[in-house]
Amino acid sequence: MADQMWLEELRSGVRRICNSFPDSYWRELDAKREYPQAFVEALTKAGYLAALIPEEYGGSGLGVTEASVILEEIHRCGGNAAACHAQMYTMGVILRHGSEEQKRRYLPEIAKGNIRLQAFGVTEPTTGSDTTQLKTTAVRRGDRYVVNGQKVFISRAQYSDLMVLLVRTTPLAEVRKRTEGLSVLIVDLREAVGKGLTIRPIRTMINHATTELFFENLEVPVENRIGEEGQGFRYILDGMNAERILIAAECIGDGRWFVERATRYAKERVVFGRPIGQNQGVQFPIARAHVHVEAADLMRFRAAALYDAGKPCAAEANMAKLLAADASWEAANAALQTHGGFGFAEEFDIERKFRETRLYQVAPISTNLILSYVAEHVLGMPRSY
Ligand SMILES: Cc1cc2nc3c(=O)[nH]c(=O)nc-3n(C[C@H](O)[C@H](O)[C@H](O)COP(=O)(O)OP(=O)(O)OC[C@H]3O[C@@H](n4cnc5c(N)ncnc54)[C@H](O)[C@@H]3O)c2cc1C
C-alpha cells in the first residue's frame, strides 16, 4: 500500500497545477467544445501522464494507486482528465506486450511528451459492447496490413499522435473461439489521416473530443503490430482492470467535488430565514452521497493495491468502477438539487460536471456489463450473453 504522506504530496502537486486552471477555464472550453490543450501540456510537462511508464523508459515508474490519485485530484478540483487519461492505460499495451524495440521507440518519447498516445480504438457502430464481433479488418499484404472498417466514439483521435487499434485479422468463421483472431496495431495518426483514415468529430453532451473513424485501405506496417497476431483481445482485456480503477478514481474525484460544492452552498444559501443546509431534507442526500463516495474509495484502493501487487483484481476493479460511478452520479444529483435553479446555471459549474459524470454509467463500460461480469465470474451464475 502506497504511503499516505507520499500520496498527499502527490495530491498537492497535482492541485498546484489544477489551481492554474480554474472553473472558468473548463466552462469556457465546454461552451466551445474545445480541447484543454494548455492543461494537457502542463500535466505532461510535470510528468504526471508518464506516471505508469517505468523509469528505464523515462517515466516515473509509479503504480496504479498513484496514477489513480493523480486523476482523482484533477476531478476533485473541478477539471476533467478525460482529455488525457487514456495515455496512462493505453501505453500499458505496449509496456506489457510490445517488443523491446517498440518500447524503446515509443515509451521514452511518450514520457517526454514528444508524442501523445491518447487514442484507443475499440468500439464500433454496429457491434457496440460485443467487442469480439467487431467488423474492422486488417488483411496482411507483404510487410503491411490493409485496414478497412469503421469505429465510433474514439476519443482524442484529433489530439493524439498514435492510436492503439483493435482489428480482426482472422475472420470469425475461421477461429475456434470468438476471442481469437483479433490483433492490436499502433496507428500513427500523423501519417494515416488522409491516406486511408478519415476522422469525423461527434458533438456530444460533454466536451470530450470524441470522433468517428473511417478506414479505407489504410496501410499499417506489420512492425506496428503489438504482440502476436490473433491475440489482441487478450492484450486489450489485460489493460481493462487498470482502466476501471483509474476511471473509478475520476468518479471519486467528481463525487468529492459535488459533495464539497453542495455542502458549501447548503451552508451559505439562506431561504425561509435559515441556511437550507439546516433542513434534514437537504442535508441527508448530501450526507448519503458522501458515505457512498467514501465506501467506493475503499474499493478503489483495494483494487489498486491488488493490481500493484500483481494479484488478480478483476472483481475488485469492476466493483470499484460500479460503486464509484454510482456514487458520483448520486452526488451529482444531490448537488444539483441542493443548488435549486442555480444548479442549472452554467456559471455554477454543477450542470457541466453533472453532464460529465453521467458518462461513467455508460463508458468505458456500461453498468449492466459490470453487473453481468460480477453475476457470472464472481457469483457463478449462468452466462447471459
Ligand atoms: C463520450 C464517449 C467516449 C468514448 N470513448 C471511447 C474511446 O475512446 N474508445 C472506444 O473504443 N470507445 C469509446 N467509447 C465507447 C464506449 O466504450 C461505449 O459507448 C460503451 O462501451 C457502450 O457501447 P455502446 O455505446 O455500443 O452500447 P451498446 O453495446 O449498444 O449497449 C447499449 C445499452 O444496452 C446495454 N446492454 C447491451 N448488451 C447487454 C446485455 N447483454 N445485457 C444487459 N445490458 C446490455 C448496455 O449496458 C447499454 O446500456 C466512448 C463512448 C462515449 C459516449
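A. Just the site of the ligand, in detail. In the vicinity of the ligand there are 23 residues, among which Val122, Gly128, Ser129, Phe153 and Ser366 approach most closely. The set of elements that each furnish at least two residues to the shell around the ligand consists of β1 (117-121), β3 (144-155) and α12 (367-378). Each of domain 2 (117-230) and domain 3 (234-378) accounts for three or more of the residues forming the shell around the ligand.

B. Local environment of α12. The end-to-end C-alpha separation of α12 is 16 Å, in line with the 16 Å expected for 12 residues at 1.5 Å each. A positive backbone phi angle near 75° is found at Gly380, which sits one or two residues after α12.

C. Region of the structure containing the nonpolar core. In terms of nonpolar packing, the biggest core is built from 110 residues, with Ile245, Leu246 and Ala320 touching the most fellow members. Per element, the largest residue contribution to this core is 17 residues, and it comes from helix α8 (residues 232-268). In contact with Ala320, other than residues within four places in its own chain, are Arg244, Ile245, Ala248, Ala296, Met299, Arg300 and Ala303.

D. Highlighting unusual backbone geometry. With an omega dihedral of 0°, the bond running from Ala363 to Pro364 counts as a cis peptide bond. With phi around 65°, Arg156 is a residue other than glycine that occupies positive phi space. You can see Arg156 is positioned in the loop between β3 and β4 (162-168). On the basis of neighbour count, Arg156 is assigned to the buried category, with 26 C-beta atoms found within 10 Å. Residue Phe272 is not a glycine yet carries a positive backbone phi of 55°. Within the secondary structure layout, Phe272 lies in the loop between β9 (270-271) and β10 (274-275). Residue Phe272 is classed as exposed on the basis of its C-beta count, with 8 C-beta atoms lying within 10 Å.

E. Examining the pairing of strand β2 (residues 137-141) more closely. Pairing between β2 and β3: five bridges, direction antiparallel. Bridging across to β3, Thr137 finds its partner in Asn148.

F. Main features of the packing of α8 against helix α11 (residues 350-358). Direction vectors running N to C along α8 and α11 enclose 150°, while the axes themselves pass 11 Å from each other. Relative to α11, the element α8 lies roughly antiparallel. As for the relative orientation of α8 and α11, their crossing is left-handed in sense. Where α8 abuts α11, its residues Cys251, Asp254, Trp257, Phe258 and Arg261 lie against Ile350, Lys353 and Thr357. Each residue belonging to the contact of α8 with α11 can be placed in one class, and the counts come to four nonpolar, one polar and three charged.

G. Spatial organisation of the domain arrangement of the chain. Along its sequence, the chain is organised into domain 1 (4-112), domain 2 (117-230) and domain 3 (234-378). Once you take the C-alpha centre of each, domain 1 and domain 2 turn out to be 24 Å apart. Domain 1 puts 18 residues into the contact, and the matching count from domain 2 is 15 residues. Of all elements in the fold, only α2 (23-32), α5 (86-97) and α6 (100-112) reach the threshold of two or more residues within the side of domain 1 that touches domain 2. It is α5 that provides the largest number of residues to the side of domain 1 that touches domain 2, a total of seven residues.

H. Here's a closer look at the packing of α8 against helix α10 (residues 314-338). Between α8 and α10, the shortest axis-to-axis distance is 8 Å and the interhelical angle comes to 20°. The angle between the axes of α8 and α10 places the two elements in the roughly parallel class. For α8 against α10, the interelement crossing comes out left-handed. Classifying every residue of the contact of α8 with α10 gives 20 nonpolar, five polar and four charged.

I. Inspection of the environment of Trp26 at higher detail. Mapped onto the secondary structure, Trp26 falls in helix α2. Classification of Trp26 as buried rests on a count of 21 C-beta atoms within 10 Å. For Trp26 and Phe284, which are 258 residues apart along the polypeptide, the C-alpha to C-alpha distance reads 29 Å. Here Trp26 is in contact with Gly78, Gly79, Asn80 and Arg352, once residues within four sequence places are set aside.

J. Inspection of α5 at higher detail. Over its 12 residues, α5 extends 17 Å from the first C-alpha to the last, a length consistent with the 16 Å expected when each residue adds 1.5 Å. Where burial is concerned, most of α5 is hidden: 10 out of the 12 residues are buried. Every buried residue belonging to α5 is among Ala86, Gln87, Met88, Tyr89, Thr90, Met91, Gly92, Val93, Ile94 and His97, and all of these are buried.

K. Up close: the environment of Ser24. Structurally, Ser24 can be placed in helix α2. For the pair Ser24 and Arg261, spaced 237 residues apart in the sequence, the C-alpha separation amounts to 15 Å.

Reading the values: rules and limits
- Residues numbered from 1 in each chain as written.
- Predicted model: local features only at pLDDT ≥ 70, side-chain atom pairs only at ≥ 80, totals over all residues.
- Near = placed C-beta within 6 Å.
- Helix = DSSP H or I, 4+ residues; strand = E, 2+ residues; numbered from the N terminus.
- Domains from an automatic or database assignment.
- Expected span 1.5 Å × (residues − 1).
- Core = buried A, V, L, I, M, F, W, Y, C linked by C-beta atoms within 7 Å.
- Buried ≥ 20, exposed ≤ 12 C-beta atoms within 10 Å, placed from the backbone.
- Contact = placed C-beta atoms within 7 Å.
- Pairing = 2+ DSSP bridges.
- Axes fitted to C-alpha atoms, helices over the stretch in contact; angles between N-to-C directions.
- Parallel < 35°, antiparallel > 145°, perpendicular 65-115°, else oblique.
- Left-handed = near helix turned anticlockwise from the far one by under 90°.
- Nonpolar A, V, L, I, M, F, W, Y, C, P; charged D, E, K, R; others polar.

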